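Analysis of the macromolecular model
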Amino acid sequence: MKKKIIVEIQFNSFGFTPDRFEKKWIDHRMALFMKYAVSSLKKQTNQDFLTLVRYEDSTEKLIKEALAQYKELPSNIKFVNKAEHMNGLKESCQSNDYIYIVRLDSDDLYHKTYIQQLHDYKPKKDTEVLINQ
């Protein structure tokens with residue numbers, strides 16, 4: 001059975017902060033993202049996962065400018081707009097038996113074995129959804 005783990009991060013595509021579309025907010029948030037989330041994802045003991053970092057379509061230019069200030073991200077961490085996000089999910093659903101979609105805030109981190117724990121987990125036969133805390 002093929003299992004795909006997708007880490008979803010809403011960079012600035014969801015929230016109640018109106019300035020999340022502005023350069024100052026994006027640059028500040030990108031620094032937090034790189035320091036915490038990216039560092040945590042790079043340190044995972046199992047790198048067999050895809051991270052989709054969703055941004056508001058209208059801020060694509062600002063996102064790309066902010067990203068250009070840092071080293072290139074690993075191939076399993078991708079900034080995506082709404083359409084690319086949906087395509088990534090659809091493709092994963094079609095080519096895998098199990099999809100684990102986990103979320104991470106852009107300024108948070110996981111324990112270094114989190115992804116491995118997800119790969120190791122064996123759900124019961126009739127399990128339809130897993131909700132972790």
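Scroll up for the structure.
Residues numbered from 1 in each chain as written. Predicted model: local features only at pLDDT ≥ 70, side-chain atom pairs only at ≥ 80, totals over all residues. Heavy atoms only, no water.

**Structural notes on the packing of aromatic side chains**
Within the structure shown, the criterion is met by six aromatic pairs. Both rings, one in Phe-33 and one in Phe-79, keep their centres 5.3 Å apart while their planes meet at 85°; by these two values the pair is edge-to-face. Linking Phe-33 in helix 1 (residues 23-42) with Phe-79 in strand 3 (residues 77-80), this pair joins segments that are 46 residues apart in sequence. Each member of the pair Phe-33 and Phe-79 is classed as buried. An aromatic cluster of at least three residues, connected via ring pairs, comprises Phe-11, Trp-25, Phe-33 and Phe-79. (Phe/Tyr/Trp six-rings, centres within 6.5 Å; stacked < 30°, edge-to-face > 60°. Helix = DSSP H or I, 4+ residues; strand = E, 2+ residues; numbered from the N terminus. Buried < 20%, exposed > 50% of the residue type's maximum accessible area, 1.4 Å probe, protein only.)

**Looking at the nonpolar core**
Within the largest apolar cluster, 27 residues are counted, with the highest numbers of intra-cluster contacts made by Val-7, Ile-9, Phe-11, Met-30, Phe-33, Leu-41 and Phe-79. Considering each element in turn, this core owes the most residues, eight residues, to helix 1. Beyond its immediate stretch of four places on either side in the chain, Phe-33 contacts Ile-9, Phe-11, Val-38, Val-53, Ile-77, Phe-79 and Ser-106. Judged by nonpolar contacts, the second largest core, of five residues, contains Ile-6, Leu-50, Leu-52 and Val-80. (Core = buried A, V, L, I, M, F, W, Y, C linked by side-chain atoms within 4.5 Å. Contact = heavy atoms within 4.5 Å.)

**Description of the side chain of Arg-29**
Along the chain, Arg-29 turns up in helix 1. A distance of 3.0 Å separates polar atoms of two side chains, one belonging to Arg-29 and the other to Ser-106. Each residue touching Arg-29, except ones within four places of it in the same chain, is listed here: Phe-11, Ser-106 and Asp-107. (Polar contact = N/O pair within 3.5 Å; in protein donor to acceptor, adjacent residues only side chain to side chain.)

**Things to note about the pairing of strand 2 (residues 50-54)**
Of all the five residues making up strand 2, five are buried; the element is thus mostly covered by neighbouring parts of the structure. Judged by which residues are buried, strand 2 turns out to be covered on both faces: Leu-50, Leu-52 and Arg-54 on one side and Thr-51 and Val-53 on the other are all buried. Bridge count for strand 1 (residues 3-10) against strand 2 is five bridges, and the pairing is parallel. Paired with Ile-9 across the strands is Val-53, a residue of strand 2. With helix 1 bridging strand 1 and its parallel neighbour strand 2, the resulting β-α-β unit is right-handed. As a crossover connection, the stretch from strand 2 through helix 2 (residues 60-67) into strand 3 is right-handed. (Pairing = 2+ DSSP bridges. Right-handed = clockwise from strand over helix to strand, strands pointing away.)

**Some remarks on the environment of Val-53**
Of note, Val-53 is situated in strand 2. Aside from chain neighbours lying at most four places away, what touches Val-53 is Ile-9, Phe-11, Phe-33, Ile-77, Lys-78, Phe-79 and Val-80.

**Considering the pattern of salt bridges**
One pass over the full model with this rule turns up five salt bridges. A salt bridge links Asp-27 to Lys-23; the shortest N-O distance between them is 2.8 Å. With a gap of four residues between them, Asp-27 and Lys-23 both fall in helix 1, about one helical turn apart. Judged by relative accessible area, which is 29%, Asp-27 ranks as partly exposed. (Salt bridge = Lys/Arg side-chain N within 4 Å of Asp/Glu carboxyl O.)

**Remarks on the side chain of Arg-20**
Following the sequence through the fold, Arg-20 ends up in the loop between strand 1 and helix 1. Not counting chain neighbours up to four residues away, the residues in contact with Arg-20 comprise Asn-12, Ser-13, Phe-14, Gly-15, Trp-25 and Ile-26.

**Regarding the sheet that holds strand 1**
Strand order in the open sheet made by the four strands is 3-2-1-4, with parallel pairing throughout. Looking at which strands have only one partner, the edges of the open sheet turn out to be strand 3 and strand 4 (98-103). In this sheet, neighbouring strand axes are inclined to one another by 25° on average, regardless of whether the strands run parallel or antiparallel. (Axes fitted to C-alpha atoms, helices over the stretch in contact; angles between N-to-C directions.)

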